[in-house]
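# Architecture at a glance
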Amino acid sequence: MVSFIGIGIGIGIFSSSYKLEASNSQLLLISGGPLAVNWFNDFYKHIADSPLSHWLEVLPAQIASWQKEQQHGDFTKWIKLLSKLPEITPSSINLQNKVEFGHASDISEYAQKQVVGLLKQFMPWRKGPFHLFGIHIDTEWRSDWKWDRVQPHIQPLKNRYVLDVGCGSGYHMWRMLGEEAKMVVGADPSQLFLMQFQAMKHFNTDSRIHLLPVGVEQLPELKAFDTVFSMGVLYHRRSPIDFLYQLKNQLRKGGELVLETLVVEGNETTVLMPGERYAQMRNVWYLPSTAALTLWMQRVGFKNIRVVDVAPTSLEEQRATQWMDGQSLSDFLDPNDQSKTIEGYPAPLRAVLVAEC
Ligand code: SAH
């Protein structure tokens, strides 16, 4: 818990940056600055009196500079689109076996078409699926299948503070909330994913779930979360050992890490570093075997490390849809041998590891 002075400083920074943004000419009003600020102000209030309160020492300044420097050319357009979403309260929320807000009967046919039209402008939708008033946002990934591989093996999330590093559009965060986590925080620098998350949050304003547009490298050593997830991120990190330390530094003693990443077959000495591309992705650095990854985690100080699932990614789990109409896994594999990527590496194989801090 941060001292009273600490909270004062934290809130002081955020309120002064808010005033700065709000009074900083019409431009920011037009660009939707204050609206975006509000997403994070809510978060600051919610953590002020929680084990995460130390975050207030750095986060408001990081977010303020993100708001000034955010570069994405479509940001203003996205904020405007979000503001056009109709105000409809879903008659039901299901986060247990899917992410579903409301039913078709909650909404007129006209409004449903309007929502589809608005949401399609946030394409590509990669992580999901989401069900919203009878609309099925059929995403590139069946992220629910990943959750089904992960969920049976983890500590129950009930009443826990949970962090999801590299959370994408937040699909798994909603499922974590469905497991009655006390608070779910996602960290992901992708602005499009943030918009997709906020589009869903528009219809379910639950104050226990928040996505912050910050990278893992910006997180202070909070040592406060009960569970930290990082799924589909480690192979994108140039320094995977530092990344494991960063994840560990978010956990309280005895907390749980849930790590999901691409792996290769092999023993403690096997790690694949692909050339410029792996399955067409440019930013892939290290694909360890589960034995090598276990060793890395031991070296970083994790305990009770278990490999709880290993599964190849199927063409049904990652594919083009009406909500992501670009190339997908089938285009990234060797057309004559689907056990290999188009570059000749082993096809994607994913492992889930859990460990204790
Ligand atoms: N966890 C989700 C999404 C994985 S995709 C899932 O398992 O389906 C990898 C994500 O890592 C992307 O959303 C990307 O924006 C995010 N990412 C990239 N660099 C990051 C960084 N420095 N810190 C945190 N997340 C990052």
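The coordinates are above.
Residues numbered from 1 in each chain as written. Predicted model: local features only at pLDDT ≥ 70, side-chain atom pairs only at ≥ 80, totals over all residues. Heavy atoms only, no water.

Of all eight residues that make up helix 8 (residues 171–178), eight are buried, and the element is covered over most of its length. Two residues or fewer after helix 8 comes glutamate 180, characterised by a positive phi angle close to 70°. (Buried < 20%, exposed > 50% of the residue type's maximum accessible area, 1.4 Å probe, protein only. Helix = DSSP H or I, 4+ residues; strand = E, 2+ residues; numbered from the N terminus.)

For the rest of this paragraph, the subject is the sheet that holds strand 5 (residues 135–137). One open sheet holds the four strands; their spatial order is 1-2-4-5, and the pairing between them is mixed. Sheet topology places strand 1 (93–94) and strand 5 at the edges, where each strand pairs with a single neighbour. Alignment of strand 4 (residues 130–132) against strand 5, held across three bridges, turns out to be antiparallel. From the neighbouring strand, phenylalanine 130 faces strand 5, where its bridge partner is isoleucine 137. (Pairing = 2+ DSSP bridges.)

Checked against the element boundaries, valine 352 lands in strand 17 (residues 349–356). Valine 352 sits 89 residues away from valine 263 along the chain, and the two C-alpha atoms are 9.7 Å apart. Beyond its immediate sequence surroundings of up to four residues, valine 352 is in contact with Val150, Val258, Leu259, Glu260, Arg306, Val307, Val308 and Asp309. (Contact = heavy atoms within 4.5 Å.)

Neighbouring residues of the ligand: 17 residues in total, closest Lys146, Gly166, Asp188, Val216 and Met231. Between an oxygen atom of the ligand and a side-chain N or O atom of lysine 146, the distance comes to 2.6 Å. Between the ligand and aspartate 188 there is a distance of 2.5 Å, counted from an oxygen atom to a side-chain nitrogen or oxygen. Notes on the ligand: free accessible area 570 Å², of which the protein chains cover 86%. (Near = heavy atom within 4 Å. Polar contact = N/O pair within 3.5 Å; in protein donor to acceptor, adjacent residues only side chain to side chain. Areas by Shrake-Rupley, 256 points an atom, 1.4 Å probe, with all protein chains shown as cover.)

Next up on the list: the packing of aromatic side chains. A complete count under the given rule lists 14 aromatic pairs for this structure. Plain terms: the ring middles of phenylalanine 40 and tryptophan 66 are 5.8 Å apart, the flat faces sit at 90° to each other, and that makes the pair edge-to-face. Here the residue phenylalanine 40 occupies a position in helix 3 (residues 33–47), and tryptophan 66 occupies one in helix 4 (residues 59–69), the gap between them amounting to 26 residues. A ring pair is formed by tyrosine 286 and tryptophan 296, whose centres lie 6.3 Å apart and whose planes are at 85°; its orientation type is edge-to-face. With a gap of ten residues between them, tyrosine 286 in the loop between strand 12 (271–272) and strand 13 (287–288) and tryptophan 296 in helix 11 (residues 290–300) connect regions that are remote in the sequence. On the accessibility criterion, tyrosine 286 (26% relative accessible area) is partly exposed. Given the relative accessible area of 13%, tryptophan 296 is considered buried. Put simply, the rings of Trp39, Phe40, Trp66 and Phe75 touch in pairs and so form one group of aromatic residues. (Phe/Tyr/Trp six-rings, centres within 6.5 Å; stacked < 30°, edge-to-face > 60°.)

As far as function goes, none of this settles anything; it's purely spatial.
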